[in-house]
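# Secondary and tertiary structure notes
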Amino acid sequence: LMKPQRPRGLKSKELHARVLSFMASGSVTSNERPRARKGLGSEDFVMNEEEALARYELSEQIDAIVPKQLKEETAKNQLYTAVKMHIINMTINLTASGIPFKNAQSVWSGWSGCLYALPVFATPFWWERCLWLIQAFLSVTADYYYVNHLHLVHGIDRIYATYNVMRIGFIIGSDLPHWTIIFGIVPLAAYYQAVLAKKSGEVRTWMFWHGMWHLTGGILCMIYTYLSNYVYLRQHDIHQDVGSIGF
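Quantities reported herein were computed from a predicted structural model and do not represent experimental measurements.

Rules behind the numbers
- Residues numbered from 1 in each chain as written.
- Predicted model: local features only at pLDDT ≥ 70, side-chain atom pairs only at ≥ 80, totals over all residues.
- Heavy atoms only, no water.
- pLDDT = per-residue confidence, 0-100.
- Helix = DSSP H or I, 4+ residues; strand = E, 2+ residues; numbered from the N terminus.
- Contact = heavy atoms within 4.5 Å.
- Core = buried A, V, L, I, M, F, W, Y, C linked by side-chain atoms within 4.5 Å.
- Buried < 20%, exposed > 50% of the residue type's maximum accessible area, 1.4 Å probe, protein only.
- Patch = residues over 30% accessible without salt bridge, like charges linked within 9 Å, V, L, I, M, F, W, Y side chains within 5 Å.
- Areas by Shrake-Rupley, 256 points an atom, 1.4 Å probe, with all protein chains shown as cover.
- Salt bridge = Lys/Arg side-chain N within 4 Å of Asp/Glu carboxyl O.
- Axes fitted to C-alpha atoms, helices over the stretch in contact; angles between N-to-C directions.
- Parallel < 35°, antiparallel > 145°, perpendicular 65-115°, else oblique.
- Left-handed = near helix turned anticlockwise from the far one by under 90°.
- Nonpolar A, V, L, I, M, F, W, Y, C, P; charged D, E, K, R; others polar.
- Expected span 1.5 Å × (residues − 1).
- Phe/Tyr/Trp six-rings, centres within 6.5 Å; stacked < 30°, edge-to-face > 60°.

Here we take up the confidence of the model for the chain. When pLDDT is averaged across the chain, the result is 76; 62% of the residues are at 70 or more. Taking the mean pLDDT of every element in the chain, the minimum, 46, falls on helix α10 (residues 240–243) and the maximum, 97, on helix α6 (residues 126–145). Under a pLDDT of 50 for its full length, residues 238–247 has, in the predicted model, 17 contacts with residues more than four places off or in other chains.

So this is what it looks like as structure tokens:
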């Protein structure tokens with residue numbers, strides 16, 4: 001990204017108001033004023049002007065390349081906003097937890113990230129076991145130990161998790177019957193409910209559904225991994241020759 005330039009005539013106070021509005025809703029309007037959301041942690045307000053402009057500029061760039069009809073169709077269920085914020089939090093906002101609650105630490109929503117280690121029991125390959133153990137470690141570290149704090153582990157966890165989702169999608173597309181993708185509706189539904197709870201400021205509801213996202217996602221990744229390794233022999237994985245060493 002190019003270094004953002006201050007929009008003409010936009011004062012620092014108004015700029016800060018627009019960015020706070022953007023962080024709360026995923027959109028920016030010129031007449032909004034700063035407002036604290038329920039349970040908003042103080043560190044969410046720590047933002048210098050350059051960071052604020054960078055986030056605003058990236059949001060505008062994403063809006064510019066997404067078809068208007070797609071944005072309108074997904075606006076009602078918050079899907080577009082969630083995806084846009086995810087992209088921002090994987091690029092220029094790496095240290096943010098993305099959680100709008102003052103205290104979101106929970107054993108259930110945090111330690112349930114260990115369930116992403118379940119695919120370890122569904123593969124004979126050492127590299128694939130390491131892949132999922134790392135995912136479980138990052139998930140617990142980000143969602144439990146640093147959930148209330150700014151830390152680079154949040155960005156690393158988001159990037160790594162996105163890679164694993166894309167990898168599972170590749171496995172489904174290349175190794176498994178395509179109808180098996182329908183099982184993905186279950187964890188996606190849990191994720192969607194967590195997004196809604198975060199949007200409405202319901203911390204306990206978010207904790208429950210975020211934990212369910214880990215539970216259903218971990219189980220489903222184990223199922224897909226087992227099917228690709230033992231039921232439908234994997235033909236397209238570039239690591240198979242290395243993984244065949246096993247341990």
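Among the structural elements, leucine 152 can be located in helix α7 (residues 152–174). For leucine 152 and leucine 94, which are 58 residues apart along the polypeptide, the C-alpha to C-alpha distance reads 5.9 Å. Residues within four places of leucine 152 in sequence aside, it is in contact with Leu94 and Thr95.

A word on the nonpolar core. Membership of the largest hydrophobic core comes to 15 residues, with the highest contact counts inside it found for Trp132, Ile168, Ile172, Leu176 and Tyr224. Those elements giving two or more residues to this core turn out to be α6, α7 and α9 (203–231). The dominant element in this core, judged by the number of residues it contributes, is α7, at 5 residues. Leave out the neighbours within four places in its chain, and isoleucine 168 touches Trp132, Cys221, Tyr224 and Thr225. Counting 8 residues, the second-largest nonpolar core is a separate cluster that includes Ile99, Val147, Ala194 and Ala197.

Our next topic: a nonpolar patch on the surface. Among the surface-exposed residues, Trp179, Ile182, Phe183, Ile185, Tyr226, Tyr230, Val231 and Tyr232 lie close enough to one another that they form a single nonpolar patch of about 830 Å² accessible area. Residue placement: isoleucine 185 occurs in helix α8 (residues 185–200). Classification of isoleucine 185 by relative accessible area gives exposed; the value is 54%.

Closest axis-to-axis distance for the α6/α9 pair is 13 Å, and the angle between their directions is 175 degrees. Classified by the interaxial angle, the pair formed by α6 and α9 is roughly antiparallel. Contacts between α6 and α9 pair Glu128, Trp132, Ser139 and Asp143 from the former with His210, His214, Cys221, Thr225 and Asn229 from the latter.

A word on the pattern of salt bridges. Within this structure, the stated rule accounts for 1 salt bridge. Put simply, arginine 167 and glutamate 128 hold a salt bridge, and the shortest N to O gap is 2.7 Å. Here arginine 167, found in helix α7, pairs with glutamate 128, found in helix α6; they are 39 residues apart in sequence, far enough to count as distant. No difference in accessibility class separates arginine 167 from glutamate 128, as the two residues are buried.

How two helices sit against one another is set out by the angle between their axes and by the gap between those axes. The geometry of α6 relative to α7 is characterised by a closest axis approach of 9 Å and an angle of 140 degrees between their N-to-C directions. Looking at the two axes, α6 sits oblique to α7. Viewed along their axes, α6 and α7 form a crossing whose handedness is left-handed. Between α6, through Trp127, Glu128, Cys130, Leu131, Trp132, Ile134, Gln135, Leu138, Ser139, Thr141 and Ala142, and α7, the contact on the second element is made entirely by Val153, His154, Ile156, Asp157, Tyr160, Ala161, Tyr163, Asn164, Arg167 and Ile168. For the contact of α6 with α7, the class distribution of residues is 13 nonpolar, 5 polar and 3 charged.

Another aspect to go through is α7. Under the 1.5 Å per step criterion, the end-to-end length of α7 is 33 Å for 23 residues, consistent within 8% with the ideal 33 Å. Of all the positions in α7, only Val153, His154, Gly155, Asp157, Arg158, Tyr160, Asn164, Arg167, Ile168, Ile171 and Ile172 are classed as buried.

In this description, a pair of aromatic rings is defined by centroid distance and the angle of the planes. In total, this model carries 10 aromatic pairs according to the counting rule given. Ring geometry for tyrosine 160 against tyrosine 163: centres 6.4 Å apart, planes inclined by 50 degrees, an arrangement best described as tilted. In this pair, tyrosine 160 and tyrosine 163 both sit in helix α7, 3 residues apart, roughly one turn of the helix. Here the aromatic rings of tyrosine 226 and tyrosine 230 are separated by 5.2 Å at their centres, their planes lie at 35 degrees, and the arrangement is tilted.

We now examine the environment of serine 106. Topologically, serine 106 is positioned in the loop between α4 (79–89) and α5 (107–111). Among the residues examined, serine 106 registers a relative accessible area of 14% and is labelled buried. The spatial distance from the C-alpha of serine 106 to the C-alpha of tyrosine 144 is 6.6 Å, given a sequence separation of 38 residues.

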